[in-house]
Amino acid sequence: MFTSGKIKELLAQGIMNPRYGEKDPEQEKLERQRQIPFHMHINYDLLEAVYYTSAMIQEVPNLASETYDPRKRPISKPFRRLLEIHKQQLFSAPPENTRDHIAHATKAMLAGDWRKCKETIFAIKIWDLMQDKDKIFEMLGRKIQEESLRTYMLAYGNLYDNVSLDQLASSFELTPAAVQSVLSRMIFTEELHASLDPVAGVVLVQRTDPSRLRALAMQYADKVRPRAPGRARVRARSR
């Protein structure tokens, strides 16, 4: 609904205004009849907070893995646009609205500061409208810790030969079983090239992924590589 840009119309909480021309009176009458009463409206700010928080949890590990794999596709384009707008600001002021909180929380999560990320997300005032707020915060906080662990391993795991599971559990305040579960899932999906050693209590990292400098060098070499003359002729003919 958010990617369409017509969320209020899809929820029958507003009428779409045409860009060109005037709307047919009969069509406008039918649209007004489909509208739901005001007391049944879903708060738009609450929907925005839920959407962008969910997008942050999915996109931040994706952003961390893009450093070594430029073929990664964005999951949420509205979330990416939000980050681009935030990056273009010359001065980063304290967060005032929901989008500012999400942008600051994303920045903290990418830096590995899951505590600040959690604190910034929980500071959004619109959460007071949610039922069972405490249960949602408990679930959301655990998810932020787990995805922060994923982000950290995707961004900095290549710098280690081995990492202690107890150290990761202490840093992200997770149980050793939860850390092992997150890392096992990453290894199974080939996000992390490593192996677990439960006896020694460490994860052994295999340095198969290129470093940041090497990845940029590979991209540059691919761009400046001379094209085959056959391809140039084919493109010239097609033109």
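Structure's up top.
What comes next is a walk through the structure. (Residues numbered from 1 in each chain as written. Predicted model: local features only at pLDDT ≥ 70, side-chain atom pairs only at ≥ 80, totals over all residues. Heavy atoms only, no water.)

### Remarks on the overall build of the protein
Working step 1: Looking only at helices and strands, the protein has 11 helices and 3 strands in total.
Working step 2: Starting at the N terminus and ending at the C terminus, the protein contains elements arranged as α-α-α-α-α-α-α-β-α-α-β-β-α-α.
Working step 3: Going through the 239 residues of the protein one by one, you find that 34% of them count as buried.
Working step 4: Long-range contacts, defined here as pairs at least 24 residues apart, represent 54% of the contacts in the protein between residues at least 6 apart.
Working step 5: In the form shown here, the protein has an accessible surface area of approximately 16,300 Å², with 52% of it arising from carbon and sulfur atoms. (Helix = DSSP H or I, 4+ residues; strand = E, 2+ residues; numbered from the N terminus. Buried < 20%, exposed > 50% of the residue type's maximum accessible area, 1.4 Å probe, protein only. Contact = heavy atoms within 4.5 Å. Areas by Shrake-Rupley, 256 points an atom, 1.4 Å probe, with all protein chains shown as cover.)

### Considerations on the packing of aromatic side chains
Working step 1: The tally for this structure, following the rule as stated, stands at 5 aromatic pairs.
Working step 2: Seen in terms of ring centroids, Y51 and Y52 are 5.2 Å apart; in terms of plane orientation they differ by 70 degrees. Their pairing is edge-to-face.
Working step 3: One aromatic cluster is present, formed by F122, W127 and F137 through successive ring pairs. (Phe/Tyr/Trp six-rings, centres within 6.5 Å; stacked < 30°, edge-to-face > 60°.)

### Considerations on the packing of helix α6 (residues 114–122) against helix α7 (residues 133–156)
Working step 1: The geometry of α6 relative to α7 is characterised by a closest axis approach of 10 Å and an angle of 145 degrees between their N-to-C directions. Here α6 runs over α7; the crossing is right-handed. Residues W114, C117, K118, I121 and F122 of α6 touch α7, and the partners they reach there are F137, L140, G141, I144, Q145 and S148. (Axes fitted to C-alpha atoms, helices over the stretch in contact; angles between N-to-C directions. Left-handed = near helix turned anticlockwise from the far one by under 90°.)

### Examining the pairing of strand β3 (residues 202–205)
Working step 1: Bridging between strand β1 (residues 162–164) and β3 involves 3 bridges; their strand directions are antiparallel. Within β3, the position partnered with S164 by the bridge is V202.
Working step 2: Two strands pair when backbone bridges link them, and strand β2 (residues 194–197) and β3 are joined in this way by 4 bridges, in the antiparallel orientation. Bridge pairing in β3 links S195 to L204.
Working step 3: Hairpin connection from β2 to β3: 4 residues lie between these consecutive antiparallel strands, with G201 at a positive phi of about 70 degrees. (Pairing = 2+ DSSP bridges.)

Function cannot be read off these values alone, since they describe shape.
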